[in-house]
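Inside the fold
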Amino acid sequence: MSDKHIVIVGAGLVGTLNAILLAKRDFKVSVYEKRQDPRKQSGSCGRRTTNLALSSRGMKALRHVGLAEEIAPYQVPMFARMVHEVGGRMHALNYGRKEQFILSTQRNKLNEILLNAAEKFPNVTCFFGHKLIDCDLQTGNLKFLHNGGTVHVQADVVFGNDGAHSTIRRQMMTCSLMDVMQSYVPYGYIELPVAKTKHNEGKSTSVVSDMEPISNGNNKVLALPHRGQGSDHGRCCTRHATFPCTRSQLRMCQAQSVLRNTGFEDCMILNDLLDLHRNDFAIALPEYSRNRKLDAHAVCDLTLYNFLEMRQLVNTKTFRLKKRLDNLIHTLIPNHWVPLYSMVAFTDTRYHLCKKRKQQQNQILNCILVFGTVVFLLFVTSILCVLFEHALL
């Protein structure tokens with residue numbers, strides 16, 4: 001086993017996946033989590049229960065560590081968004097081609113599976129109920145609060161996987177020239193679990209295979225299928241209403257899909273760099289930062305756009321028309337035109353390239369729609385002129 005001691009702050013989904021990948025490299029890995037062990041608590045106990053929508057990026061990481069089959073019983077494939085208008089009309093928007101889908105995944109179950117897999121390594125130790133209160137990133141000394149006392153830990157490498165209100169990030173702001181921007185959006189969320197009952201059992205295929213947004217432009221209810229025991233399905237609903245939350249908390253607006261898929265991909269990219277540089281963190285980490293910065297900025301913008309799309313645009317006729325045209329062009333020239341959602345969910349295309357291509361394709365779609373509208377108006381005008389002349393004769 002390597003003498004290098006790796007400390008990971010945060011035992012969530014990304015922290016535990018990171019621990020597994022580093023443990024496979026024979027490093028000594030210590031994972032510290034401020035909450036208690038979720039596997040020993042009944043119910044949700046304040047934990048987030050919102051389902052995740054895992055795409056190919058996230059599943060690629062789970063396959064790499066051999067956990068894709070273990071989580072499969074707790075996943076439901078979603079092929080489309082079944083949009084419910086306020087007036088009662090419904091229409092489906094496919095995520096990609098008809099055979100492509102993302103996976104609604106039980107967050108808490110996935111966290112338990114990752115924790116169990118991490119602790120199977122003899123060189124991994126998880127410490128729960130340890131809240132990070134201070135760290136010196138120059139020396140690698142960390143101080144945790146545990147049972148009213150302080151615990152000092154010395155690390156060779158520190159990973160901050162401690163979420164939106166990261167203590168590691170806050171410490172980095174004080175000891176380096178790192179800029180952090182935090183803006184606010186006027187939305188928050190609450191969870192509304194919906195159980196399977198005799199009234200909704202077998203109503204439609206959307207009950208088990210679609211993500212269902214209901215939006216009036218200012219508020220949104222987003223329902224994801226939830227697999228219970230056996231083949232029993234229910235719904236995990238998230239209602240987004242108008243009240244302040246931070247931009248970093250906006251990850252919940254996507255049922256955490258963008259953030260978790262991106263976090264899993266982050267782990268895989270670093271893993272590949274460690275392969276390339278033979279476990280030399282001094283080379284791999286700076287290269288990771290240089291390569292990933294553009295994508296980190298782009299994924300924030302894409303997340304905000306996706307939230308706007310889910311909250312407001314899906315109910316507009318113009319958006320649905322552009323979506324159909326987008327998919328039609330993709331069908332005609334699939335190697336040269338890929339819709340934004342397909343790029344993000346079903347390819348490994350870097351996020352900043354997804355954003356750039358989306359902007360280019362959006363300009364082309366707008367031009368086609370404007371040109372089509374002009375042609376249609378000219379056609380209608382010519383028909384009216386002919387009819388008017390015929391009437392005069």
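None of these values were measured; they are calculated from a predicted model. (Residues numbered from 1 in each chain as written. Predicted model: local features only at pLDDT ≥ 70, side-chain atom pairs only at ≥ 80, totals over all residues. Heavy atoms only, no water.)

1. Notes on the confidence of the model for the protein
- Per-residue confidence for the protein gives a mean pLDDT of 84, with 83% of residues at or over 70.
- Below pLDDT 50 for its whole length, residues 202-208 participates in 12 contacts with residues either more than four positions away or in separate chains.
- The low-confidence segment residues 242-256, where pLDDT is below 50, has 57 contacts with residues more than four positions distant or belonging to other chains. (pLDDT = per-residue confidence, 0-100. Contact = heavy atoms within 4.5 Å.)

2. Details of the environment of Asn141
- Relative to the helices and strands, Asn141 is located in strand β10 (residues 141-146).
- When its relative accessible area of 28% is taken as the criterion, Asn141 is described as partly exposed.
- Linking Asn141 and Ala155, residues 14 residues apart in sequence, is a C-alpha distance of 6.3 Å.
- Discounting residues that sit within four places of it in the chain, Asn141 has contacts with Asp134, Cys135, Asp136, His152, Val153 and Gln154. (Helix = DSSP H or I, 4+ residues; strand = E, 2+ residues; numbered from the N terminus. Buried < 20%, exposed > 50% of the residue type's maximum accessible area, 1.4 Å probe, protein only.)

3. Focus: the nonpolar core
- Of all hydrophobic cores here, the largest spans 43 residues; its most connected members are Ile6, Leu22, Val29, Leu110, Leu114 and Phe264.
- Here the element with the most residues in this core is helix α1 (residues 13-23); it accounts for eight residues.
- Residue contacts for Val29: discarding those within four places in its chain leaves Ile6, Ile8, Ala19, Leu22, Ala23, Asn123, Val124 and Thr125. (Core = buried A, V, L, I, M, F, W, Y, C linked by side-chain atoms within 4.5 Å.)

4. So, the pattern of salt bridges
- Applying the stated criterion across every chain yields a total of 14 salt bridges.
- Its salt-bridge partner being Asp266, residue Arg292 comes within 2.6 Å of it at the nearest N-O pair. Of this pair, Arg292 sits in helix α8 (residues 281-311) while Asp266 sits in helix α7 (residues 257-276), and the two are 26 residues apart along the sequence.
- Since its relative accessible area comes to 8%, Arg292 is described here as buried.
- Through salt bridges that share partners, Arg57, Glu265, Asp266, Arg292, Asp295 and Arg350 make up one connected network. (Salt bridge = Lys/Arg side-chain N within 4 Å of Asp/Glu carboxyl O.)

5. Some details on the sheet that holds β10
- A sheet is described by the order of its strands in space; here three strands give the open sequence β9-β10-β11, paired in antiparallel fashion. Of all the strands in the sheet, the pair left with one neighbour each is β9 (131-136) and β11 (149-154). If you compare each strand with its neighbour and ignore which way they point, the axes differ by 25° on average.
- Relative to β11, β10 runs antiparallel, the two sharing six bridges. Bridge pairing links Lys143 to His152 in β11.
- The strands touched by helix α5 (residues 167-175) are β9 and β10; relative to β9, the strand with the most contacts, the crossing angle is about 25°. (Pairing = 2+ DSSP bridges. Axes fitted to C-alpha atoms, helices over the stretch in contact; angles between N-to-C directions.)

6. A look at the sheet that holds strand β7 (residues 102-105)
- Overall, antiparallel pairing links the three strands, which are arranged β3-β7-β4 in an open sheet. Two strands in the sheet have a free side with no partner beyond their single neighbour: β3 (52-54) and β4 (75-78). Recorded for the sheet is a direction-independent mean angle of 35° between the axes of neighbouring strands.
- As paired elements, β3 and β7 share three bridges and run antiparallel to each other. Residue pairing across strands places Leu54 opposite Leu103, the latter belonging to β7.

7. Remarks on the packing of α8 against helix α11 (residues 351-392)
- Relative orientation of the contacting elements α8 and α11 amounts to 50°, with a least axis distance of 7 Å. Viewed along their axes, α8 and α11 adopt a mutual orientation that is oblique. Both α8 and α11 take part in a crossing whose hand is left-handed. Here Arg292, Leu294, Asp295, Ala298, Val299, Asp301, Leu302 and Tyr305 of α8 come into contact with α11, specifically with Tyr351, His352, Cys354, Lys355 and Lys358.
- Tallied by class, residues from the contact of α8 with α11 come to seven nonpolar, one polar and five charged. (Parallel < 35°, antiparallel > 145°, perpendicular 65-115°, else oblique. Left-handed = near helix turned anticlockwise from the far one by under 90°. Nonpolar A, V, L, I, M, F, W, Y, C, P; charged D, E, K, R; others polar.)

8. Considerations on the packing of aromatic side chains
- Summed over all chains, the structure comprises six aromatic pairs.
- Here the aromatic residues Phe27, Phe159 and Phe281 are joined through ring pairs into a cluster of three or more. (Phe/Tyr/Trp six-rings, centres within 6.5 Å; stacked < 30°, edge-to-face > 60°.)

9. Here's the deal with helix α4 (residues 107-119)
- A rise of 1.5 Å per residue sets the reference length of α4, with its 13 residues, at 18 Å; its end C-alpha atoms lie 19 Å apart and thus fit the reference within 8%.
- The element α4 is extensively covered by neighbouring structure, given that 10 of its 13 residues are classed as buried.
- Arg107, Asn108, Leu110, Asn111, Glu112, Ile113, Leu114, Leu115, Ala117 and Ala118 are the residues of α4 that are buried. (Expected span 1.5 Å × (residues − 1).)

10. Brief notes about α5
- The complete set of buried residues in α5 reads Thr167, Ile168 and Gln171. Projected down its long axis, α5 carries its buried residues within an arc of 100°, all on one side.
- Where α5 is buried, its residues meet β1 (5-9), β9, β10 and β12 (157-160).
- Of the residues flanking the start of α5, the one acting as N-cap is Ser166, its side-chain oxygen 3.3 Å from the backbone nitrogen of Ile168. (Arc of directions from axis to C-beta. Polar contact = N/O pair within 3.5 Å; in protein donor to acceptor, adjacent residues only side chain to side chain.)

11. Quick notes on unusual backbone geometry
- Its identity is not glycine, yet Asp26 carries a phi of approximately 75°, on the positive side.
- Tracing the backbone through its elements, the reader meets Asp26 in the loop between α1 and β2 (28-33).
- Its relative accessible area of 39% is what places Asp26 among the partly exposed residues.
- Look at Asn279: it is not a glycine, yet its phi comes out positive at around 65°.
- When you line up the elements, Asn279 lands in the loop between α7 and α8.

12. Describing the packing of α1 against α4
- Between α1 and α4, the least distance of the axes is 9 Å, while the angle of their chain directions is 25°. Relative to α4, α1 is oriented roughly parallel. When you trace α1 past α4, the crossing you get is left-handed. Listed contacts from α4 to Leu13, Thr16, Leu17, Ala19 and Ile20 of α1 are Arg107, Leu110, Asn111, Leu114, Leu115, Ala117 and Ala118.

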